[in-house]
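Inside the fold
One letter stands for each residue in the lines below.
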Amino acid sequence: MNLKTNRKALPGILGLATALFILASCASTAPTCAGPQSKNLNAAIATAQSSLMEGCHAHFDRYYDDLLAIAEGDPKPENKRAFSEFLVWASDKGLLSNRQAEDYYNRFFNVKFMSLKGDYNNCSHTCPNRQKVLLNMERELEEKERGLLKVSLDNEGYYRADQLFQEVELVLEATCTACAAGR
């Protein structure tokens, strides 16, 4: 080999070696963001919190869903408090705003419907979007079934939410009929 050729290639080889070293070190420090494996809700929450703080915050929705699934395996009224504390923690750490944390909790563990939240006039806003509003409420009722019934065994709360859904459906129908007649 020619010594001049080797000297010319040396900076390129060193640059390539440096780039490979940097890539290898980045790959080894990236969080895996695996979901919690424990069937114990408190242990699973601790694992999720640790992962979220290690850079997996983009996976918050998946972690929340994983925690719900784990809680479904051991449903009890105390699970509501565990989720509330987890969401307060997420808000305190800046992973969620206060409003986002409240919305997560209310969608699953409160009888009131977040889909109806708003200060809009029913005739001008809700009635033209009635099907979409009802579809969103149906989806939310499924989430309430999961949170209230399957996670926290709050049968009474779920049946109140279901009754509220049916009442809103009737009132919305009557209101929209009245709005149409008034035009």
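So, a few notes on the structure that sits alongside this text. (Residues numbered from 1 in each chain as written. Predicted model: local features only at pLDDT ≥ 70, side-chain atom pairs only at ≥ 80, totals over all residues. Heavy atoms only, no water.)

1. Brief notes about the pattern of salt bridges
The full count for this structure, using the stated rule, is ten salt bridges. Close ionic contact of Glu72 with Arg146 constitutes a salt bridge, the shortest N to O distance being 3.1 Å. Of this pair, Glu72 sits in helix H3 (residues 60–72) while Arg146 sits in helix H7 (residues 130–151), and the two are 74 residues apart along the sequence. Assessed through its relative accessible area of 28%, Glu72 is described here as partly exposed. Note that Glu140 and Arg107 form a salt bridge whose closest N and O atoms lie 3.5 Å from each other. (Salt bridge = Lys/Arg side-chain N within 4 Å of Asp/Glu carboxyl O. Helix = DSSP H or I, 4+ residues; strand = E, 2+ residues; numbered from the N terminus. Buried < 20%, exposed > 50% of the residue type's maximum accessible area, 1.4 Å probe, protein only.)

2. Regarding helix H2 (residues 41–56)
Taking 1.5 Å as the rise per residue, H2 with 16 residues should run 22 Å; its terminal C-alpha atoms sit only 19 Å apart, a clear shortfall. Residues of H2 that are buried: Leu41, Ala44, Ile45, Ala48, Gln49, Ser51, Leu52 and Cys56. Looking at the buried side of H2, the elements it contacts are H3 and helix H4 (78–92). The N-cap residue of H2 is Asn40: its side-chain oxygen and the backbone nitrogen of Asn42 are 3.0 Å apart. (Expected span 1.5 Å × (residues − 1). Contact = heavy atoms within 4.5 Å. Polar contact = N/O pair within 3.5 Å; in protein donor to acceptor, adjacent residues only side chain to side chain.)

3. Here we look at unusual backbone geometry
In this structure, Cys33 takes a positive phi of about 60° despite not being glycine. Judged by relative accessible area, Cys33 falls into the buried class, the value being 11%. Look at Leu153: it is not a glycine, yet its phi comes out positive at around 55°. Relative to the helices and strands, Leu153 is located in the loop between H7 and helix H8 (155–181).

4. Some thoughts on the side chain of Arg146
Among the residues examined, Arg146 registers a relative accessible area of 17% and is labelled buried. Here the side chain of Arg146 touches Asp65 through a polar contact of 2.5 Å, side chain to side chain. When sequence neighbours within four positions are dropped, the list of residues in contact with Arg146 reads Asp65, Leu68, Ala69, Glu72, Phe108 and Val151.

5. A few points about the state of the cysteines
Taken as a whole and judged by the stated rule, the model has three disulfides. A disulfide bridge connects Cys123 with Cys179, and the sulfur atoms are separated by 1.7 Å. For the disulfide bridge between Cys123 and Cys179, the dihedral angle about the S-S bond is near -70°, and by the sign convention the bridge is left-handed. Taken together, the residues Cys123 in helix H6 (residues 122–126) and Cys179 in helix H8 connect sequence positions 56 residues apart. Given the relative accessible area of 7%, Cys179 is considered buried. A disulfide bridge connects Cys127 with Cys176, and the sulfur atoms are separated by 2.1 Å. An S-S torsion of about -95° defines the bridge between Cys127 and Cys176 as left-handed. Placement of the pair is Cys127 in the loop between H6 and H7 and Cys176 in helix H8, with a sequence separation of 49 residues. Taking relative accessible area as the criterion, Cys127 reaches 11% and is therefore assigned buried. Exposure remark for Cys176: the relative accessible area of 7% places this residue in the buried category. Ordinal numbering of bonded cysteines along the chain defines a disulfide pattern of 1-2, 3-6, 4-5. (Disulfide = S-S within 2.5 Å.)

6. Observations concerning the packing of aromatic side chains
One pass over the full model with this rule turns up twelve aromatic pairs. Arranged with centres 5.5 Å apart and planes meeting at 80°, the rings of Tyr64 and Phe83 form a pair that is edge-to-face. Here Tyr64, found in helix H3, pairs with Phe83, found in helix H4; they are 19 residues apart in sequence, far enough to count as distant. Both residues of the pair, Tyr64 and Phe83, count as buried. When the ring centre of Tyr63 is taken as reference, the NZ or CZ atom of Arg62 above it lies at 5.1 Å. (Phe/Tyr/Trp six-rings, centres within 6.5 Å; stacked < 30°, edge-to-face > 60°. Lys NZ or Arg CZ within 6 Å of the ring centre and 35° of its normal.)

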